[in-house]
Structures are given as C-alpha cells and as structure tokens.
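Below, each chain spelled out in residue letters.
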Amino acid sequence: MASPAKKRPVTRAQVESKDQRSGTAQQPRTFTDWTPARVRAAIRSADSGNLRSAVSVCEWILTDDRVESVLESRRDALLGLDVTFEASGDRRKSSRTVKALEAQSDWWKSYPEAETGMLLKWGILLGVAPARHQWLPGEGGRVLPCPRFWHPQSLRWDQQLHKWFITDDVNVETEVVPGDGSWILHAPYGEGRPWASGAWRSLALWVLLKQLAMSDWARYGERAAVFVGTSPEKSTKAQRDELADLIMSMGSEAAIVMAAGFDVRLLQATANTEQIYQRQIDLANQAIAIRIRGGNLSTVTEGGSLAAAKEQSKNN
C-alpha cells in the first residue's frame, strides 16, 4: 500500500499572496508605550509625510475619556447645524435635487451621519481624514455618493511629488486626485501640512501627563500603608523569617499571636497625594477641553456661571 503523501508546508509567499487578495482596509494595531521622546519622533515622521506614527498617537489619544467625550460633543454640534443647499448649473434639474436634499430624502443617505462623524472627528484630531465614495442608487434614479470613512493609517503624503497616496481595499496604493469622484480628503485646517494643525500634537503630552498621574497615584495607593515587624535583639533568623511570612500572609481581618518582644506596626504615608495627582489630572482635563472645544465653560466653572458666560462672550 502506498504511503500517504506528505503535506508541504505553507510558504511565506503563499501567505503574503493570500493577504494581498483580502478586500478589507488596513486596521491599526498599537502596542506602543508612549513617552515624550516617542511623541516627538511621531511629529518628525509626520513632517516627512509618513503619518503612520501620528495615526497611532491619535488611536492612543482616543483611549482617554475626556478626549473622546469632548470630540463627540464638538462633532455632534457640527452635525446638529441646519444644512442649506443652493441650485447651480441646469436650474430645472438642480432645483429638483435641492428639493430632495432639503426634504432630507437623499441627504442622510448620501452622507450617513456615522461616516460623516468619523470624518469630522479625525479631521479635528489628525488634521486630515479620508473617505471613499461608494455611489449607490437612490430615489428617482439619482446616484448618491455615500462616502465610507477610510482609516488614515493607509494615507501618505509624498514630499517629492507633492501628492497624497492611499492604500485601497485591494492593498494597492493609488493617488488621491481631487474631484475624480473616488476619494474625499477632509482637511479642515487647509491643504498645506494639515497634520501640523491637528489637535493630536498638543493633546498627546496632556494625555501622557494624565495617564502617568493616574498610574503613579494608583501605585502610591498600593504602598500608602505597610506593616513593619520588629523583633528582640536576641531573636534568631528563623524567628524573623517566620514573622515576615506571617505578615505577608495576613488577610484584612487577620490576627497574629507573637512571642514576647516581637511587635507589628502599621506605617502610613503622610503626604497629601490627592493634591499632587488630582491637580495634574484636572489640569490635563481642562487643557484637553480648551484645545478641542476652545473653552472649558461647560466642563469647569469657578464662581458664578452667569459671570463666567459673560466673560467668555467678551473673549469670543
């Protein structure tokens, strides 16, 4: 009887060719512990046209509760504005289109709120956000753009050619051509180095300060109190080791019976850590709100709210 044929191992080329046939967009995976030096390196990399590190910084920034909530608040304020339309070109055809848009029979299908919201949020944070038109059929035979947000991890600015390139759903890098009906490149701060005006550059260090303060505060809380055992002068090493083991194995309501001369005391930290770390967290939260929203009246108000509102209106 013939022996069964041996299975050939899968080669790396086969795996890569299979990956290239994938129809999904690239998704970021961030495992970086960010530091001021890494943030500065991401800024330098973005200035050279490579936005991958900047996008990773943005993904990390979005894990902060204050950043996410304030960005959502600003995004919802923009989406809540009244939309108006003007006819152009063939007035008869454009008038029908304007009526359909104003009746909102086409508008929310043409530009879904979820996808538009992602464009707005990443435009504020990174300074630039791409989307791809899908061109789906709508009512009355009209074709609607229906753009889908495209993660900017695959976006690249070529410094030599002065052009934008993006990796599409078949992992092919294509040029982003304005007005060709394929891609949208949302740059709310302008076309020239839009990433330099994104909120991520200033938010990164505030988020880092906040996370370090939270981590240090939690670590300090673990060491705020410690049991210290003392033994008489003539105690043996075995007795001292036994006392240490008893202290280490104590529960919250444990009791130790010790021989004469042995003692256990609870030493507690006397520093007021709440003022140290809480102040850093509050300062970071205020700076985040001011950078994204332009003010902190709705989040932090010292004194009367009416006086604060009048003062803010003067500044605006």
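These lines cover the structure that appears in this document, whether it is placed above or below.

How each quantity is defined
Residues numbered from 1 in each chain as written. Predicted model: local features only at pLDDT ≥ 70, side-chain atom pairs only at ≥ 80, totals over all residues. Heavy atoms only, no water. Helix = DSSP H or I, 4+ residues; strand = E, 2+ residues; numbered from the N terminus. Buried < 20%, exposed > 50% of the residue type's maximum accessible area, 1.4 Å probe, protein only. Contact = heavy atoms within 4.5 Å. Areas by Shrake-Rupley, 256 points an atom, 1.4 Å probe, with all protein chains shown as cover. Phe/Tyr/Trp six-rings, centres within 6.5 Å; stacked < 30°, edge-to-face > 60°. Lys NZ or Arg CZ within 6 Å of the ring centre and 35° of its normal. Pairing = 2+ DSSP bridges. Axes fitted to C-alpha atoms, helices over the stretch in contact; angles between N-to-C directions. Expected span 1.5 Å × (residues − 1). Arc of directions from axis to C-beta. 1 Å grid on protein atoms, 1.4 Å probe; cavity = no way out; pocket = protein on both sides within 12 Å on 5 of 7 lines; lining within 4 Å. Points joined across faces, edges and corners; volume = space filled by probe spheres on them. Nonpolar A, V, L, I, M, F, W, Y, C, P; charged D, E, K, R; others polar. Parallel < 35°, antiparallel > 145°, perpendicular 65-115°, else oblique. Core = buried A, V, L, I, M, F, W, Y, C linked by side-chain atoms within 4.5 Å.

Things to note about the overall build of the protein
If you tally the helices and strands in the protein, you get eleven helices and ten strands. Split into buried and exposed, the 316 residues of the protein put 30% on the buried side. Long-range contacts, defined as pairs at least 24 residues apart, comprise 66% of the intrachain contacts of the protein with a sequence gap of at least 6. Counting every atom, the protein has about 20600 Å² of accessible surface; 52% of that belongs to carbon and sulfur.

Remarks on the packing of aromatic side chains
Counted under the stated rule, the structure contains six aromatic pairs. Arg132 extends its terminal NZ or CZ atom over the ring of Trp150, reaching a point 5.9 Å from the ring centre.

Section: the sheet that holds strand S5 (residues 155-158)
The three strands are arranged S5-S6-S7 in an open sheet whose pairing can be described as antiparallel. The open sheet has two free edges, formed respectively by S5 and strand S7 (173-175), since each of these has just one partner strand. In this sheet, adjacent strand axes meet at a mean angle of 30° when their direction is disregarded. Where strand S6 (residues 163-167) and S7 come together, three bridges link them in antiparallel fashion. Within S7, the residue paired with Ile166 across the bridge is Thr174.

Description of helix H2 (residues 36-47)
Helical periodicity: at 3.6 residues per turn, an α-helix aligns residues three or four positions apart in one direction. An ideal rise of 1.5 Å per residue puts 16 Å on twelve residues; H2 measures up with 17 Å between its terminal C-alpha atoms. Taken together, the buried positions of H2 are occupied by Val39, Ala42, Ile43, Ser45 and Ala46. For H2, the angular spread of the buried residues around the axis is 165°, confining them to a single face.

Section: the environment of Leu212
With respect to the helices and strands, Leu212 occurs in helix H8 (residues 200-222). Its relative accessible area of 45% is what places Leu212 among the partly exposed residues.

What about the layout of surface pockets?
By volume, the largest pocket amounts to about 270 Å³. Lining the largest pocket are 15 residues, with Trp164, Val176, Pro178, Leu185 and Glu191 sitting closest to its centre. Within the residue set of the lining of the largest pocket, elements represented by two or more residues are S6 and strand S8 (183-186). When residues of the lining of the largest pocket are assigned to their parent elements, the largest contribution, three residues, is made by S8. Residue composition of the lining of the largest pocket, grouped by class: eleven nonpolar, one polar and three charged. The computed volume of the second largest pocket comes to approximately 230 Å³. As for the second largest pocket, its lining consists of 15 residues, and the residues nearest its centre are Leu79, Trp107, Tyr111, Thr116 and Leu120.

Let's talk about the packing of H2 against helix H3 (residues 52-61)
Here H2 crosses H3 at 135°, and the two axes come no closer than 7 Å. Classified by the angle between their axes, H2 and H3 sit oblique to one another. On H3, the residues touching Ala42, Ser45 and Ala46 of H2 are Ser53, Ala54 and Val57. For the contact of H2 with H3, the residue count by class is four nonpolar, two polar and no charged.

What to know about the sheet that holds S8
Backbone hydrogen bonds are what pair the strands of a sheet, in a parallel or an antiparallel way. Read across the open sheet, the three strands follow the order S4-S1-S8; overall the sheet is antiparallel. Sheet topology places strand S4 (148-149) and S8 at the edges, where each strand pairs with a single neighbour. Bridge count for strand S1 (residues 129-132) against S4 is two bridges, and the pairing is antiparallel. Residue pairing across strands places Ala131 opposite Phe149, the latter belonging to S4.

Description of the nonpolar core
Membership of the largest hydrophobic core comes to 42 residues, with the highest contact counts inside it found for Ile61 and Trp200. Per element, the largest residue contribution to this core is six residues, and it comes from H3. Residues contacting Ile61, with those up to four places away along its chain left out, are Val67, Leu125, Trp200, Leu203, Ala204 and Val207.

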